[in-house]
Amino acid sequence: MSLTLLLVIITSGISYYAFNNYSLMDKLIMNPYKVTRRNEYYRFVTSGFIHADFGHLIFNMLSLWFVGEGIERLFGMLFGPSGSLYFLFLYIVGIIVSDIPTFMKHRNNSNYNSLGASGGVSAVLFAAILFAPTMTISLYFFIKMKAFIFGILFLGYSLYEAKKGTSYVNHSAHMYGAIFGMVFMAIVYPAAVPGFFQQIGDWLGTLTP
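Every value quoted in this text rests on a predicted model; they were computed, and no experiment measured them.

Reading the values: the criteria
- Residues numbered from 1 in each chain as written.
- Predicted model: local features only at pLDDT ≥ 70, side-chain atom pairs only at ≥ 80, totals over all residues.
- Heavy atoms only, no water.
- Axes fitted to C-alpha atoms, helices over the stretch in contact; angles between N-to-C directions.
- Helix = DSSP H or I, 4+ residues; strand = E, 2+ residues; numbered from the N terminus.
- Parallel < 35°, antiparallel > 145°, perpendicular 65-115°, else oblique.
- Left-handed = near helix turned anticlockwise from the far one by under 90°.
- Contact = heavy atoms within 4.5 Å.
- Patch = residues over 30% accessible without salt bridge, like charges linked within 9 Å, V, L, I, M, F, W, Y side chains within 5 Å.
- Areas by Shrake-Rupley, 256 points an atom, 1.4 Å probe, with all protein chains shown as cover.
- Salt bridge = Lys/Arg side-chain N within 4 Å of Asp/Glu carboxyl O.
- Buried < 20%, exposed > 50% of the residue type's maximum accessible area, 1.4 Å probe, protein only.
- Core = buried A, V, L, I, M, F, W, Y, C linked by side-chain atoms within 4.5 Å.
- Expected span 1.5 Å × (residues − 1).
- Arc of directions from axis to C-beta.
- Phe/Tyr/Trp six-rings, centres within 6.5 Å; stacked < 30°, edge-to-face > 60°.

**Let's talk about the packing of helix α7 (residues 118-131) against helix α8 (residues 147-164)**
Here is step 1: Here α7 crosses α8 at 140 degrees, and the two axes come no closer than 9 Å. Here α8 runs oblique to α7, going by the angle between their axes. As for the relative orientation of α7 and α8, their crossing is left-handed in sense. Contacts between α7 and α8 involve Ser 122, Leu 125, Phe 126 and Ile 129 from the first element and Ala 147, Phe 148, Phe 150, Gly 151, Phe 154 and Leu 155 from the second.

**Side note on a nonpolar patch on the surface**
Here is step 1: Taken together, the side chains of Met 1, Leu 5, Leu 6, Ile 9, Ile 10, Tyr 16, Phe 54, Ile 58, Leu 62, Trp 65 and Phe 66 define a hydrophobic patch exposed on the protein surface, amounting to about 1100 Å² of accessible area.
Here is step 2: Among the secondary structure elements, those contributing two or more residues to the nonpolar patch are α1 (3-19) and α5 (54-79).
Here is step 3: For Leu 6, the location among the structural elements is in helix α1.
Here is step 4: The class for Leu 6 is partly exposed, based on a relative accessible area of 37%.

**Some remarks on the nonpolar core**
Here is step 1: By size, the foremost hydrophobic cluster in this structure holds 42 residues, and its most contacted members are Leu 64, Ile 71, Phe 75, Leu 90 and Tyr 91.
Here is step 2: Elements supplying a minimum of two residues to this core: α1, α5, α6 (83-106), α7, α8, α9 (171-188) and α10 (192-207).
Here is step 3: With 5 residues, the next largest nonpolar core counts Ala 18, Met 25, Leu 28 and Ile 50 among its residues.

**As for α10**
Here is step 1: The terminal C-alpha atoms of α10, which comprises 16 residues, lie 23 Å apart, in line with the 22 Å expected from a rise of 1.5 Å per residue.
Here is step 2: Three or more residues of α10 are buried, namely Ala 192, Gly 195, Phe 196 and Ile 200. The buried residues of α10 occupy an angular sector of 130 degrees when the element is viewed end-on, so they sit on one face. In α10, those exposed residues whose orientation departs by more than 90 degrees from the buried face are Pro 194 and Phe 197.
Here is step 3: Among the structural elements, α7, α8 and α9 are those in contact with the buried residues of α10.

**Examining the packing of aromatic side chains**
Here is step 1: What the rule picks out here adds up to 16 aromatic pairs.
Here is step 2: Consider the rings of Phe 126 and Phe 154, whose centres lie 5.5 Å apart with planes at 45 degrees: the pair is tilted. A residue pair is termed long-range when its members are at least 10 positions apart, and Phe 126 in helix α7 and Phe 154 in helix α8 qualify at 28 residues. No difference in accessibility class separates Phe 126 from Phe 154, as the two residues are buried.
Here is step 3: Within the aromatic cluster, the residues linked to one another by ring pairs are Phe 75, Phe 79, Tyr 86, Phe 89, Phe 180 and Phe 184.

**As for the pattern of salt bridges**
Here is step 1: In this structure the tally under the stated criterion is 4 salt bridges.
Here is step 2: A salt bridge links Asp 26 to Lys 34, with the shortest nitrogen-to-oxygen separation between them at 3.0 Å.
Here is step 3: By relative accessible area, which is 27% here, Asp 26 ends up partly exposed.
Here is step 4: The partner of Glu 40 in a salt bridge is Arg 38, and the shortest N-O contact between them spans 3.9 Å.
Here is step 5: When salt bridges that share partners are traced, they join Arg 38, Glu 40 and Arg 43 into one network.

**Some details on the environment of Gly 120**
Here is step 1: By secondary structure assignment, the location of Gly 120 is in helix α7.
Here is step 2: Residues Gly 120 and Tyr 176, spaced 56 residues apart in sequence, show a C-alpha to C-alpha distance of 9.8 Å.
Here is step 3: In contact with Gly 120, other than residues within four places in its own chain, are Tyr 91, Gly 94 and Ile 95.

What follows is the structure, given as structure tokens:
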């Protein structure tokens, strides 16, 4: 069983159980105020294993499964037996890093909560985009575009919504998770950076008459 599939199963199981168990949800959710006052830093990790509803859970887990399997195999080729540790680090630290700006902004707000694996999923997705920017990404099975174009649109939309601040979705977590994913890939596999620009250049060349 792949680590990606194991993460999907564990996250789905915990999320499903928490849907009907408010005390568990309250214990695991990211509440910056409780982290600050009670030193409950474990919430940086546990909040990534619970979700608001089935739609939230299914979207994140399908995204993780579709992209995570490929990155996990890539890390296995690049780093051998240590590849799984690299992948796990990327995913878990992506969740943690994506919550840091939220924590800093809301650490004195007792009513603020956030949850979901979006930060980790974004980290995995954007690590893949840096490595293979011209792969095709399908949205809702019929909208298709190159990965780097999706990445630009995704980051732009996340930045816009984060600044607007009127949505219940934690868009800053998406954005910082994505940035972490690209930085992580660039550090552990520096060849991905020139490869990123080379692949885009080659693809643009095919568009020239």
